[in-house]
Amino acid sequence: ELKVEQNPLFLSMQEGKNYTIYCNYSTTSDRLYWYRQDPGKSLESLFVLLSNGAVKQEGRLMASLDTKARLSTLHITAAVHDLSATYFCAVPDMGGATNKLIFGTGTLLAVQP
Amino acid sequence: SAVISQKPSRDICQRGTSLTIQCQVDSQVTMMFWYRQQPGQSLTLIATANQGSEATYESGFVIDKFPISRPNLTFSTLTVSNMSPEDSSIYLCSVELFGDYTFGSGTRLTVV
């Protein structure tokens, strides 16, 4: 059974600082997704990582994927308050016929001025 | 990517009643997924709905409590039956199209 874990669960950081969120998953998958969720809102797609070694960047966020280590990272550079949200990684379960998406536990990011 | 219209966006319901949530997709998709997000938690998959067959439920979820319909390739409903306060959550539908997973805007359900 595919399990997806994130750490940390909660991250309080100051504006201007850098930090990394980690996402580990338990079974083979060649893709990984990162989403952002603001309070009371649905999910916003941030990145789709499609292969080993994939790296994508958008603004102050950069995501990478190591399929051999079953690890993805979401790096935050020079955080700003607008980045405060909950971030989820998700992995498709390739063991069945549906490729259902399994979510990590989420990381609540609070950027303090 | 697909665009999903989900309704209602929110509702407050009495315990013991049922609520049906609808999702309409602008593209034909084989699978539709239904998730529950309890307060402060991650998303948990309830079931996968495939047009023309019965939905496949995840461990801990049963058809009597969460009946699903999938009458065509662009539409699905999830019913939350005989509700209790523990069913208060956000419910989201999702589809996968060309490797991209899209989510509905969610239904915030409060059971009183």
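Look a little higher up for the structure.
Residues numbered from 1 in each chain as written. Chains lettered and ligands numbered in written order. Predicted model: local features only at pLDDT ≥ 70, side-chain atom pairs only at ≥ 80, totals over all residues. Heavy atoms only, no water.

A. Fine view of the overall build of chain B. Along its length, chain B carries 0 helices and 11 strands. Sequence-ordered secondary structure for chain B, helices as α and strands as β, is β-β-β-β-β-β-β-β-β-β-β. The C-alpha radius of gyration computed for chain B amounts to 13 Å, which stays within 12% of the reference 13 Å derived for 112 residues, consistent with globular compactness. If one aligns the C-alpha atoms of chain B with their principal axes, the spans along those axes are about 40 × 25 × 20 Å. Within chain B, the proportion of its 112 residues that are buried is 54%. In chain B, of all internal contacts separated by at least 6 residues, the share reaching a separation of at least 24 is 53%. Element-wise, carbon and sulfur atoms account for 47% of the exposed surface of chain B, whose accessible area totals about 5200 Å². (Helix = DSSP H or I, 4+ residues; strand = E, 2+ residues; numbered from the N terminus. Rg over C-alpha atoms; globule rule 2.2 N^0.38 Å. Buried < 20%, exposed > 50% of the residue type's maximum accessible area, 1.4 Å probe, protein only. Contact = heavy atoms within 4.5 Å. Areas by Shrake-Rupley, 256 points an atom, 1.4 Å probe, with all protein chains shown as cover.)

B. Fine view of the side chain of A:Thr20. Residue and element names in this part refer to chain A. On the secondary structure map, Thr-20 appears in strand S3 (residues 19–25). A distance of 2.7 Å separates polar atoms of two side chains, one belonging to Thr-20 and the other to His-75. Setting aside residues up to four positions removed in sequence, Thr-20 forms contacts with Pro-8, Thr-73, Leu-74 and His-75. (Polar contact = N/O pair within 3.5 Å; in protein donor to acceptor, adjacent residues only side chain to side chain.)

C. Quick peek at the pattern of salt bridges. According to the stated counting rule, one finds 5 salt bridges over all chains in the structure shown. In this structure, the salt-bridge partner of A:Lys3 is A:Glu1, at a minimum N-O distance of 3.9 Å. Note on A:Lys3: relative accessible area 46%, which makes it partly exposed. We note a salt bridge from B:Glu58 to A:Lys100, for which the minimum N-O separation is 2.9 Å. Residue B:Glu58 is located in the loop between strand S6 (56–57) and strand S7 (68–72), and its partner A:Lys100 is located in the loop between strand S9 (85–92) and strand S10 (101–103); the two belong to separate chains. One exposure class covers both B:Glu58 and A:Lys100, and it is buried. (Salt bridge = Lys/Arg side-chain N within 4 Å of Asp/Glu carboxyl O.)

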